[in-house]
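Secondary and tertiary structure notes
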There are 2 protein chains.
Amino acid sequence: MQNDRNKILVDSIKRLLRRDAASHLVKIVNKTHAADLAVVFRSLSHANQHKLLDLLENAEQKAALFSELDEDTFSDFVEGLEVDEVVEILEHMPSDDVADLIGRLPEEKSDTILERMKKEGSEEVEDLLRYDDDTAGGIMVPDFIALREDATAADAIRSLQKEHMDVEMPFYLYVVDEYGKLVGVCSLRQLVVVPSDTPLKDFMTTDMFMVKTDMDQEEVAKIVAHYDILAVPVVDEANKLVGIVTVDDVIDIIREEATEDILKMAGVGEEFVETKSVLKSIRIRLPWLFACCVGGIIASFIISSFQESLSKVAYIAAFIPVIMGMSGNVGIQSSTIVVRGLATGRLNIRDLWSVVFKELAIGFMLGIVYGLFIALVAQLQYSREALALSVALAVVCSMSLAALSGSLMPMLFARLNMDPAVATGPFVTTAIDIVSVFLYFNIAVTFLGI
Amino acid sequence: MQNDRNKILVDSIKRLLRRDAASHLVKIVNKTHAADLAVVFRSLSHANQHKLLDLLENAEQKAALFSELDEDTFSDFVEGLEVDEVVEILEHMPSDDVADLIGRLPEEKSDTILERMKKEGSEEVEDLLRYDDDTAGGIMVPDFIALREDATAADAIRSLQKEHMDVEMPFYLYVVDEYGKLVGVCSLRQLVVVPSDTPLKDFMTTDMFMVKTDMDQEEVAKIVAHYDILAVPVVDEANKLVGIVTVDDVIDIIREEATEDILKMAGVGEEFVETKSVLKSIRIRLPWLFACCVGGIIASFIISSFQESLSKVAYIAAFIPVIMGMSGNVGIQSSTIVVRGLATGRLNIRDLWSVVFKELAIGFMLGIVYGLFIALVAQLQYSREALALSVALAVVCSMSLAALSGSLMPMLFARLNMDPAVATGPFVTTAIDIVSVFLYFNIAVTFLGI
């Protein structure tokens, strides 16, 4: 439904742009939520993107649209724009969104933009750019409400009324000491329910979650999700409060990380289907297929080394696909369980051996079930016990090994602090293909005596 | 890090339980966050789960722990518990959590529990149980703050202080008319910044997001994530406000849905590695492998129908793995891009043909690159042009078809309102295996004249 609504919006804006129906467009564009407008924007040509931007009434609205854009769309679009025009819009955006967008631009471009921005804003952005993109520092918002512990609830409410109109999502108030060190937190809700002359220190919580600027964004997301909090304060090495990470950014991280894992497991790098051209897609996917290609070629060498046996008993070739397919699928099952278990925190890398042994047991038992079934088919078709036995044994061995390597490889990758999702997909399946072909031919040649 | 901390906690609680170090345990258990305690609880034996529960000081803490448990752990544990003991704990839980947990119990058990619960609570739970688990109604919290539009900001703050101490996350106040119909919303923040005698109708937002009780939870999650809101009101057919869905539940939904998609694509049903025994895992994974097994057997029939050609030119068997592997991988790339694109809303089912044609083009061009490469290897190895040509042609055709079917199948499934993730994984790869073997042998036989 959400998709349908967006599609209808995209279609009608495109139609109006073709017809140059300016007054109609102004009305639609200015009453559409920036998040929806960003979806439309992404699917327009450069010329129409410019038209759309010009239709927005003021810099605030343009800024709201820019805040919703993904980095690729932004950097493509901004190439053709005057620096001054960009700067005017960026001035109206939260500094964390500015940092995200211009962090992707070529350095000279981003330097020019930062120079022309007002000093206060550009300093905040430069501070944010110092942090890695995927750490707490890189995703935090530097705007938050911080008060001293002897301030009263009434003081806090006054400061909410006056100073902090531009703070995103102010549901927590942070309490800091004279050095800016975080000492407590109170909720907006507590603020309105206590007598107004109560000092913050009397009702603030001192036992709160906080994260360091260099914590990986996935860890931050896990904490926010695990403890059901709306924002987590970010502190520097001296525990000085420097920003907050809000739950809406956490949602984006969780979705991104899930998508990245899925794409890596499928061997598609970090492609997104709708923003890339056919050529770019090919460039991204080509290298991932290389492992599979090399694996297949190795398998072909293995098979051709059995050429003589094959010309004597040609039908052993018939079972190559089923043995490769079954072991490949079991391997993917095991590695997916492990990769997703690690990502969601339901599996721990310290449990390596118990997980791997369990998967091995599962692979072995599934191998026995399907090995017997496929052997039965082989026996009915060819009435040759030695062949049926070879097939059964090859299925059991290769499915067990597939489950073993499918679970072991991502676990080992995770232990070495490498991304377990990369170890899955093409690499695991390719390794399994080679091993299962090798095992099958050796077993068949031995049993059939050829 | 989060994982490490949990692991340490689990280990030390297990150690203390073995040593029966009650006083030490009481201290640790009662100061641990319920979300962490739930992780520990999940990994304990039944006997130790009972011990742990008894260590908690009061029903509130037990209720907090229960609220964090997943349904499987809860229903396993609760089997051995006295109904009265369960009821006492459930009485202290939010009704949406109670509904989630007892919704999974056998009907007679849940009926007994509901009968013994206090009337007010059990009615709320029964109301919630009427909604499907995965709809807005099934995930909403029935506790929210709703006021009439002529109430003032001061009235609202008073009602916050008095009545609504048990409302989860009260950052929005909803405004309803005399029939309970939702007419507006204001934020807690607005409440403290306006003069206290302002009536809500003067500053409430009337243009707000709301969802119907029967909206799919994935749609609800998309709306909350897309518009960066903290809670969305749920209304019935008459637009009467009946509950809210909060952002913390949306995070859980997004993670669950991503995990489900990943597991389905890998053909593992909805298994979670740590809660299931080896036998349960086998039962879940066995049927998913059946498609692959049948596909492999069909491929073996195809190959054996070429038995005569094979015994003449045995080495054509050598290229079965690489052709199957390459087309299988391209098919997975395409279907993953489509499934994830649909799930994140970046792809629209109305764009079916443009997406499928793009994937076909990508598959075709990747097929040309790798087809030539593999043909070159074949030529160097066997010096037989007809073989090299057959291999090249088979790679191009099967990779193009794989990309086509890999993108078309999930798109069609989605159009038919079926889960596109199920169409991926085992089914797509199995179909591709059969087609690529069939194509390769027919091409080879024609070109090699055997």
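Residues numbered from 1 in each chain as written. Chains lettered and ligands numbered in written order. Predicted model: local features only at pLDDT ≥ 70, side-chain atom pairs only at ≥ 80, totals over all residues. Heavy atoms only, no water.

Observations regarding the packing of helix H21 (residues 385-415) of chain B against helix H23 (residues 426-448) of chain B
Residue and element names in this part refer to chain B. For the pair H21 and H23, the least separation of the axes is 9 Å and the interaxial angle reads 155°. Considering their axes alone, H21 and H23 lie roughly antiparallel with respect to each other. Crossing geometry of H21 relative to H23 is assigned as right-handed. Here the contact of H21 with H23 is composed, by residue class, of 19 nonpolar, 5 polar and no charged. (Axes fitted to C-alpha atoms, helices over the stretch in contact; angles between N-to-C directions. Helix = DSSP H or I, 4+ residues; strand = E, 2+ residues; numbered from the N terminus. Parallel < 35°, antiparallel > 145°, perpendicular 65-115°, else oblique. Left-handed = near helix turned anticlockwise from the far one by under 90°. Nonpolar A, V, L, I, M, F, W, Y, C, P; charged D, E, K, R; others polar.)

Focus on the sheet that holds strand E2 (residues 172-176) of chain B
All names here are of chain B. With respect to topology, 3 strands assemble into an open sheet ordered E1-E2-E3, the strand pairing being mixed. Every interior strand has two partners, whereas the edge strands, strand E1 (146-148) and strand E3 (182-187), have only one. When strand polarity is set aside, the average angle formed by the axes of neighbouring strands in this sheet is 35°. Pairing geometry for E1 and E2, over 3 bridges, is parallel. (Pairing = 2+ DSSP bridges.)

A word on the nonpolar core
Within the largest apolar cluster, 156 residues are counted, with the highest numbers of intra-cluster contacts made by Ile13, Phe66 and Leu90 of chain A together with Ile13, Phe66 and Leu90 of chain B. Setting aside its immediate chain neighbours within four residues, Ile13 of chain A contacts Leu25, Ile28, Val29, Leu37, Val40 and Leu52 of chain A. One finds Cys293, Ile320 and Leu448 of chain A together with Val313 of chain B within the second-largest nonpolar core, a separate group that totals 88 residues. (Core = buried A, V, L, I, M, F, W, Y, C linked by side-chain atoms within 4.5 Å. Buried < 20%, exposed > 50% of the residue type's maximum accessible area, 1.4 Å probe, protein only. Contact = heavy atoms within 4.5 Å.)

Let's talk about the relation of the copies chain B and chain A
By a simple turn and slide, chain B fits onto chain A: the slide is 0.0 Å along the axis, the RMSD is 0.1 Å, and the turn is 180°. Such a turn and shift between the copies fits a two-fold axis. Taking C-alpha positions as reference, the residue of chain B nearest the rotation axis is Ser311 of chain B, located at 2.3 Å. Both copies contact each other with a shared surface, as 100% of the interface residues of chain B are interface residues in chain A too. (Least-squares fit on C-alpha atoms with pLDDT ≥ 70 in both.)

Section: the domain arrangement of chain A
Taken domain by domain, chain A comprises domain 1 (2-139), domain 2 (146-262) and domain 3 (278-448). Put simply, the middle of domain 1 of chain A and the middle of domain 3 of chain A, counted by C-alpha atoms, are 47 Å apart. (Domains from an automatic or database assignment.)

Considering a positive patch on the surface
Residue and element names in this part refer to chain A. Taken together, the side chains of Lys14, Arg15, Arg18 and Arg19 present a region of like positive charge at the surface. On the secondary structure map, Arg18 appears in helix H1 (residues 2-18). A residue is classified by how much of its surface remains accessible, and Arg18, at 64% relative accessible area, is exposed. (Patch = residues over 30% accessible without salt bridge, like charges linked within 9 Å, V, L, I, M, F, W, Y side chains within 5 Å. Areas by Shrake-Rupley, 256 points an atom, 1.4 Å probe, with all protein chains shown as cover. Salt bridge = Lys/Arg side-chain N within 4 Å of Asp/Glu carboxyl O. Lys, Arg positive; Asp, Glu negative; His and termini not counted. Charge placed at Lys NZ, Arg CZ, Asp CG, Glu CD.)

Some details on the interface of chain B and chain A
In this assembly, 124 residues from chain B lie in contact with 125 residues from chain A. Together, the buried faces of chain B and chain A total about 11200 Å²; carbon and sulfur atoms form 67% of this surface. Our enumeration of links across chain B and chain A arrives at 2 salt bridges. With a closest N to O distance of 2.8 Å, Arg285 of chain A and Glu359 of chain B form a salt bridge. In terms of residue class, the side of chain B that touches chain A is built from 76 nonpolar, 25 polar and 23 charged. (Buried area = accessible area lost by both parts, 1.4 Å probe.)

Comments concerning unusual backbone geometry
Phi at Ser383 of chain A is positive, roughly 45°, even though this residue is not glycine. Here Ser383 of chain A is to be found in the loop between helix H20 (352-382) and helix H21 (385-415).

As for the state of the cysteines
Evaluated as defined, the whole model comprises 0 disulfides over all chains. The structure places no disulfide on Cys292 of chain B, whose sulfur is separated from the nearest cysteine sulfur, that of Cys293 of chain B, by 7.0 Å. As a non-bridged cysteine, Cys397 of chain B has Cys293 of chain A as the owner of its nearest cysteine sulfur, 17 Å distant. You can call Cys397 of chain B partly exposed: its relative accessible area is 29%. (Disulfide = S-S within 2.5 Å.)

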